[in-house]
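The chain contents come next:
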Amino acid sequence: MAQDSNGQTLRQRLTDKVGGLESGPHTGLPVAVTKRFFEIGGLDLGGLLAIELFTTVIPLVLIGFSYLKGFSSGASVGEIFIRQLGVRPPLDAVVRSAFGSAASLKSVWTLAGLTTFLLWGIPMSLTVARMFSLAWRRPSFPFWHQLWRGATWFVTYLVATALTQRVGALRGQHVPRIVFVLVSFGVPFIFWALSPVLLVRERIRGWKDLMHAGMAGLVIEATVLRFAVRLVFPALLKGWQGFGPIGVAMALMTWSGVLGVAWVFTACAGAVMFERSAAAISAEER
């Protein structure tokens with residue numbers, strides 16, 4: 001390891017530099033969250049979540065969209081991505097042509113068909129439970145607790161996603177704008193605020209502490225990601241446009257990776273904010 005004139009190793013100097021940034025008034029939180037992200041192997045967890053999102057959540061979203069459209073032969077399931085990911089002409093035609101009609105998914109709307117995709121959610125449930133235990137530095141639940149808690153989180157996520165998409169589909173149909181605002185920002189806040197209740201083993205102090213987890217989800221998912229997707233996804237799609245339907249799939253897979261990493265960052269941010277709040281309260285009590 002290279003050393004400077006004072007005998008300090010490069011690693012020590014970098015550690016001191018990061019420590020200084022971590023305690024800074026403006027850089028402290030983002031540096032601490034990023035540090036926690038890499039400590040728990042955030043890129044590996046994000047990559048694993050990306051695969052599970054692509055193979056589980058996206059098919060279920062498509063099936064749900066087709067159901068809401070009454071499995072109409074005139075409705076392209078690609079419309080959901082066009083609307084949600086901010087795809088504009090002429091790229092919207094590429095997405096639309098990559099998918100079949102809602103009617104093509106009617107055969108999957110059976111107990112056996114839905115159960116198959118929901119069972120694929122089991123590995124994702126376990127990954128999310130592990131992600132939270134690592135991010136919050138808490139002991140893991142026993143396997144069966146991880147399974148049912150993770151499964152409950154997964155179902156709650158699907159419900160939250162369906163609610164957001166359902167209300168979004170009503171835009172322009174004389175629904176008050178305040179309804180869109182409340183759903184768009186309120187649902188992610190409540191979902192991420194409740195996530196530690198399900199997935200963190202030791203008790204949380206109270207609803208005020210849960211607000212930190214909710215705020216992390218609100219900032220990352222409901223604000224940063226929604227802005228980024230309208231910049232990043234069309235660029236991804238344009239780069240893969242020449243590959244046809246495979247290009248659309250690759251763009252969705254890449255975005256799933258971004259979403260998976262964002263989930264890990266959200267868990268880390270909620271944990272770090274909680275710890276800092278608890279430390280501040282303890283200091284005041286002393």
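Residues numbered from 1 in each chain as written. Predicted model: local features only at pLDDT ≥ 70, side-chain atom pairs only at ≥ 80, totals over all residues. Heavy atoms only, no water.

Asker: Please clarify how the overall build of the chain should be interpreted in this entry.
Answerer: Across its full length, the chain carries eleven helices and zero strands. Its helices and strands in sequence order give the chain the pattern α-α-α-α-α-α-α-α-α-α-α, from N to C terminus. A burial count over the chain gives 44% of its 286 residues as buried. Considering only contacts within the chain whose residues lie at least 6 apart along the sequence, 74% involve residues at least 24 apart. About 15500 Å² of surface is accessible on the chain, with carbon and sulfur atoms providing 66% of the total. (Helix = DSSP H or I, 4+ residues; strand = E, 2+ residues; numbered from the N terminus. Buried < 20%, exposed > 50% of the residue type's maximum accessible area, 1.4 Å probe, protein only. Contact = heavy atoms within 4.5 Å. Areas by Shrake-Rupley, 256 points an atom, 1.4 Å probe, with all protein chains shown as cover.)

Asker: Please explain the packing of helix α9 (residues 177-199) against helix α10 (residues 207-240) as it appears in this structure.
Answerer: Working note: a packed helix pair is described by the angle between its axes plus the distance between those axes. Look at α9 against α10: their axes get within 7 Å of each other, and the N-to-C directions meet at 135°. In this view, α9 runs oblique relative to α10, as classed from their interaxial angle. Both α9 and α10 take part in a crossing whose hand is right-handed. Residues Ser-184, Phe-185, Pro-188, Phe-189, Trp-192, Ala-193, Pro-196 and Val-197 of α9 lie in contact with α10, whose contacting residues are Leu-210, Met-211, Ala-213, Gly-214, Met-215, Gly-217, Leu-218, Glu-221, Ala-222, Thr-223 and Arg-226. Across the contact of α9 with α10, the residue classes tally to 13 nonpolar, four polar and two charged. (Axes fitted to C-alpha atoms, helices over the stretch in contact; angles between N-to-C directions. Parallel < 35°, antiparallel > 145°, perpendicular 65-115°, else oblique. Left-handed = near helix turned anticlockwise from the far one by under 90°. Nonpolar A, V, L, I, M, F, W, Y, C, P; charged D, E, K, R; others polar.)

Asker: I'm lost on the side chain of Glu-52 in this one. Help?
Answerer: In this structure, Glu-52 sits in helix α3 (residues 42-68). Of the side chains with opposite charge, Arg-130 comes closest to the buried, unpaired Glu-52, at an N-O distance of 8.9 Å. Ignoring sequence-local partners within four residues, the contact set of Glu-52 consists of Val-57, Pro-123, Met-124 and Thr-127. (Lys, Arg positive; Asp, Glu negative; His and termini not counted. Salt bridge = Lys/Arg side-chain N within 4 Å of Asp/Glu carboxyl O.)

Asker: Could you clarify how one ought to interpret empty space enclosed by the protein in this entry?
Answerer: Using the criterion set out here, one finds two cavities of 30 Å³ or more in the structure. Taken as a whole, the largest cavity encloses approximately 40 Å³ of empty space. The wall of the largest cavity is formed by Ala-129, Arg-130, Ser-133, Pro-139, Ser-140, Phe-141, Gln-146, Leu-199 and Arg-201. If one sorts the elements of the lining of the largest cavity by residue count, helix α7 (residues 121-135) sits on top with three residues. When the residues that make up the lining of the largest cavity are grouped by side-chain class, the tally is four nonpolar, three polar and two charged. Of the voids in this model, the second largest cavity is the one considered here, and its volume is about 30 Å³. Lining the second largest cavity we find Phe-132, Trp-136, Trp-192, Ala-213, Thr-266, Ala-267 and Gly-270. (1 Å grid on protein atoms, 1.4 Å probe; cavity = no way out; pocket = protein on both sides within 12 Å on 5 of 7 lines; lining within 4 Å. Points joined across faces, edges and corners; volume = space filled by probe spheres on them.)

Asker: When you look at the packing of aromatic side chains in this model, what are you seeing that I'm missing?
Answerer: Aromatic rings in a pair are described by how distant their centres are and how their planes are angled relative to each other. Within the structure shown, the criterion is met by 18 aromatic pairs. Here Tyr-157 and Phe-191 contribute two aromatic rings whose centre-to-centre distance is 5.9 Å and whose plane-to-plane angle is 50°, an arrangement assigned as tilted. Of this pair, Tyr-157 sits in helix α8 (residues 143-169) while Phe-191 sits in helix α9, and the two are 34 residues apart along the sequence. On the basis of relative accessible area, Tyr-157 is assigned to the buried category, the value being 9%. (Phe/Tyr/Trp six-rings, centres within 6.5 Å; stacked < 30°, edge-to-face > 60°.)

Asker: What am I meant to see in the nonpolar core here?
Answerer: Ranked by internal contacts, the top residues of the largest apolar core, which has 67 residues, are Phe-81, Met-124, Phe-132, Trp-153, Tyr-157, Phe-233 and Trp-263. Examining the composition of this core, we find that 15 residues originate from one element, helix α11 (residues 245-285), more than from any other. Residue contacts for Trp-153: discarding those within four places in its chain leaves Met-124, Val-128, Phe-191, Trp-192, Ser-195, Leu-198, Leu-199 and Trp-263. Counting residues in hydrophobic clusters, the runner-up holds five residues, among them Ala-160, Phe-180, Val-183 and Val-187. (Core = buried A, V, L, I, M, F, W, Y, C linked by side-chain atoms within 4.5 Å.)

Asker: Quick question: what am I supposed to make of the layout of surface pockets here?
Answerer: One way to see where empty space is left: roll a probe the size of a water molecule over the atoms. Computed from the structure, the largest pocket encloses a volume of approximately 1300 Å³. What lines the largest pocket is a set of 44 residues, and nearest its centre among them are Gln-84, Leu-85, Thr-164, Arg-226 and Arg-230. Elements with a contribution of two residues or more to the lining of the largest pocket: α3, α4 (79-84), α8, α9, α10 and α11. Residues that form the lining of the largest pocket fall into these classes: 28 nonpolar, nine polar and seven charged. Among the elements of the structure, α3, α4, α6 (111-119) and α8 are those that each provide at least two residues to the lining of the second largest pocket. For the lining of the second largest pocket, the element with the highest residue contribution is α8, accounting for eight residues. Residues of the lining of the second largest pocket, tallied by class, amount to 14 nonpolar, three polar and three charged.

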